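Listed here are the chains, written in short residue letters.
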Amino acid sequence: AATLTDIAHWQDVAQCAFPTNASFDSVSAAGDWVVGSDTTGNLYTVETATSRCVVHPSSWQAGQRGQVKFAPSGLRFLSTAGDLLSLWEAEAPKPVATLQTPRWFMQCLNLSPGGRYAVAGGPGEFVLWDLKKSSHAILKTSLRGNVYGATFLPPDDATLVIADMTRGLEFWDLGKSPPVMSRTAEPMWAWDLASSPDGERLFTPHTGGLAVFSVRSGRVLADFRGLPGPRQPGFALHPDGNTIVWRTADQLVTWRAPAFAEIETVEKAEADRQQAHKAAADLMVARAREAGVIKQWLVLAPLPFGLESQSGVAALDREQLPQEAQLQPRAGNRVKLATGKRTWRAVQLKDPVIDFTRFSGSLTNFNLAYAVCYFRSDADRTNLVLKVGSDDQAKIYLNGKEIYRQIAVRACVQDQDVVKPVALRAGLNVLVFKVVNEECPWEGTVRLTDTAGQPVEGIKVDLKPDDPRGH
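Keep in mind that what you see is a predicted model, and the values were worked out from it rather than measured.

Considering the overall build of the chain
Moving on, step 1. In terms of regular secondary structure, the chain is built from 2 helices and 37 strands.
Moving on, step 2. With 471 residues in all, the chain has 52% of them scored as buried.
Moving on, step 3. Of the contacts formed within the chain by residues at least 6 apart in sequence, a portion of 59% connects residues at least 24 apart.
Moving on, step 4. For the chain, the exposed surface amounts to about 21,400 Å²; the carbon and sulfur share of it is 51%.

Next up, the structure:
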């Protein structure tokens, strides 16, 4: 099934030429202008509909590159270079206002949704301009590298998020004076940040893709792959939250990304599909494990052995019933023991495992049980397989011969042991399953299959022997 985290599900809605020597930094609110800069001291604004380019000579020195960002108004943008923050008109060649700081801040310029604050990053610190008061504050961070990403969380100007390239995030509360860091997170490395319109998601580009993660949990929500690798910086998120402008070699491509509601719908459908697929696979496994399971038994239990010895192996090898290998009981037959009388009970299982405790109540420790069934085969058969599990020791007789014995104290797991080859004769075959319990759970399971693990055709299981005498 398709997933919306693949770029194939995005829509290329527009393209425009962009100077090859310039970086790309921001897109206007209406999407009609983009802005960038080069290392020769120029800023560029490009009209997306016509690719018309306006060059703005800036104040920073050749060989340096600053940052530029559109203001929420759409036709004004800010630039930072060295110690200057400048306000420009999109179609004007000169700045209309400037602010100065004591040090250079060259990274991650961004503006708050209400237009009050601007931010730019430096090594281990960032500058926060209050454009309303024409003032600034330089704030230290605990991040280990340069502040490469910064964004404000909508809808107000109250929270600033900054990031470096060492997988760190800091959230700053701007409602305090001075601003204070409120919490940290470590989602993934970032050389740019943008926020969704609702302030719930952060976007950070990487080579060939764009990751989106939750502001609240830091969990990655989506990782869009397959975008042409941009030159850094080369990404901007439109204020609508679903339009992305991406820098290729010589073009800006505007992509319409799927809405998150659509992503969540498709991903839920995909999760449901995977769950259904897993359920079907589990059902196939369960059916395979059910193949050939013996679910009809004559059971005699409990038979205590703890008065004589608490050795499960000794009890397994001692006959509690005379000629136990030759047993051919019928339902209702009664057996007289030193501890009282017991009755053979017909049992029809729903599950593959016999739970012998249902026959003994609380008397489970140091007891044993016999379970007998009859196979009727329409022909002589060879090369069959018995798969056995038991808690604890167990023994199996087939047609009066011991074919299986296990002496470990263990939990019962289906198909723990495999007995092969097993042969059945045409007509009646008698299987006696003896299971000893030392302590706690008391279970057993047997199934008969061919060598491929499939049920054997032409064999029926019932609870009535040919010999009417029983035992």
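Remarks on the sheet that holds strand β34 (residues 417–424)
Moving on, step 1. Reading across from one edge, β29-β36-β31-β34 is the order of the 4 strands in this open sheet, with antiparallel pairing throughout. For this open sheet the edge positions go to β29 (354–355) and β34, each flanked by a neighbour on one side alone.
Moving on, step 2. As judged from the 7 bridges shared by strand β31 (residues 381–391) and strand β36 (residues 443–449), these two strands associate in the antiparallel manner. In the sheet register, Leu 386 faces β36, and the bridge partner there is Leu 448.

Focus on the pattern of salt bridges
Note on pairing: side chains with opposite charge can pair once their charged atoms come close.
Moving on, step 1. A complete count under the given rule lists 10 salt bridges for this structure.
Moving on, step 2. In this structure, Arg 116 engages Asp 130 in a salt bridge whose closest nitrogen and oxygen atoms are separated by 2.8 Å. Within this pair, whereas Arg 116 is found in the loop between β10 (107–111) and β11 (117–122), its partner Asp 130 is found in strand β12 (residues 125–130), the two being separated by 14 residues in sequence.
Moving on, step 3. A salt bridge links Glu 402 to Lys 395; the shortest N-O distance between them is 3.6 Å.
Moving on, step 4. Look at Glu 402 and you get partly exposed, because its relative accessible area is 42%.
Moving on, step 5. With a relative accessible area of 4%, Lys 395 lands in the buried category.

Section: the sheet that holds strand β16 (residues 169–173)
Moving on, step 1. Spatially, β14-β15-β16-β17 is the arrangement adopted by the 4 strands of the open sheet, whose pairing is antiparallel. Because the sheet does not close on itself, it has two edges, and the strands there are β14 (149–152) and β17 (180–185). The sheet shows a mean angle of 20° between the axes of neighbouring strands, direction not considered.
Moving on, step 2. In this structure, β14 lies alongside strand β15 (residues 159–163), joined through 4 bridges in antiparallel fashion. Across the sheet, residue Ala 150 finds its bridge partner in β15, namely Ile 162.

What about the nonpolar core?
Moving on, step 1. Ranked by size, the top nonpolar core spans 31 residues in total, and within it Trp 297, Phe 356, Leu 431 and Phe 433 carry the most contacts.
Moving on, step 2. Mapped onto this core, the elements with two or more residues apiece are β25 (296–304), β30 (367–377), β31, β32 (394–398), β34, β35 (427–437) and β36.
Moving on, step 3. If one sorts the elements of this core by residue count, β30 sits on top with 4 residues.
Moving on, step 4. Those residues within four positions of Leu 431 in sequence are excluded, and the remaining contacts are Trp 297, Ala 371, Val 372, Cys 373, Phe 375, Leu 386, Ile 396, Tyr 397 and Leu 398.

Quick look at the side chain of Ser 390
Moving on, step 1. As for its position among the elements, Ser 390 is in strand β31.
Moving on, step 2. In this structure the side chain of Ser 390 is engaged in a polar contact, spanning 2.7 Å, whose partner is the backbone oxygen of Asp 392.
Moving on, step 3. Beyond its immediate stretch of four places on either side in the chain, Ser 390 contacts Tyr 404, Gln 406, Arg 410, Ala 411, Cys 412, Gln 416, Glu 443 and Gly 444.

Regarding the packing of aromatic side chains
Moving on, step 1. Across all of its chains, the model carries 5 aromatic pairs by this definition.
Moving on, step 2. On the basis of an interplanar angle of 40° and a centroid distance of 5.9 Å, the ring pair of Trp 297 and Phe 433 is categorised as tilted. One end of the pair, Trp 297, is in strand β25; the other, Phe 433, is in strand β35, and 136 residues separate them in sequence.
Moving on, step 3. Ring centres 5.5 Å apart and planes at 35° place the aromatic pair Phe 356 and Trp 442 in the tilted group. Within this pair, whereas Phe 356 is found in the loop between β29 and β30, its partner Trp 442 is found in the loop between β35 and β36, the two being separated by 86 residues in sequence.
Moving on, step 4. For Phe 356, a relative accessible area of 0% puts it in the buried group.
Moving on, step 5. Overall, the relative accessible area of 0% leaves Trp 442 in the buried class.

Conventions and cut-offs
Residues numbered from 1 in each chain as written. Predicted model: local features only at pLDDT ≥ 70, side-chain atom pairs only at ≥ 80, totals over all residues. Heavy atoms only, no water. Helix = DSSP H or I, 4+ residues; strand = E, 2+ residues; numbered from the N terminus. Buried < 20%, exposed > 50% of the residue type's maximum accessible area, 1.4 Å probe, protein only. Contact = heavy atoms within 4.5 Å. Areas by Shrake-Rupley, 256 points an atom, 1.4 Å probe, with all protein chains shown as cover. Pairing = 2+ DSSP bridges. Salt bridge = Lys/Arg side-chain N within 4 Å of Asp/Glu carboxyl O. Axes fitted to C-alpha atoms, helices over the stretch in contact; angles between N-to-C directions. Core = buried A, V, L, I, M, F, W, Y, C linked by side-chain atoms within 4.5 Å. Polar contact = N/O pair within 3.5 Å; in protein donor to acceptor, adjacent residues only side chain to side chain. Phe/Tyr/Trp six-rings, centres within 6.5 Å; stacked < 30°, edge-to-face > 60°.

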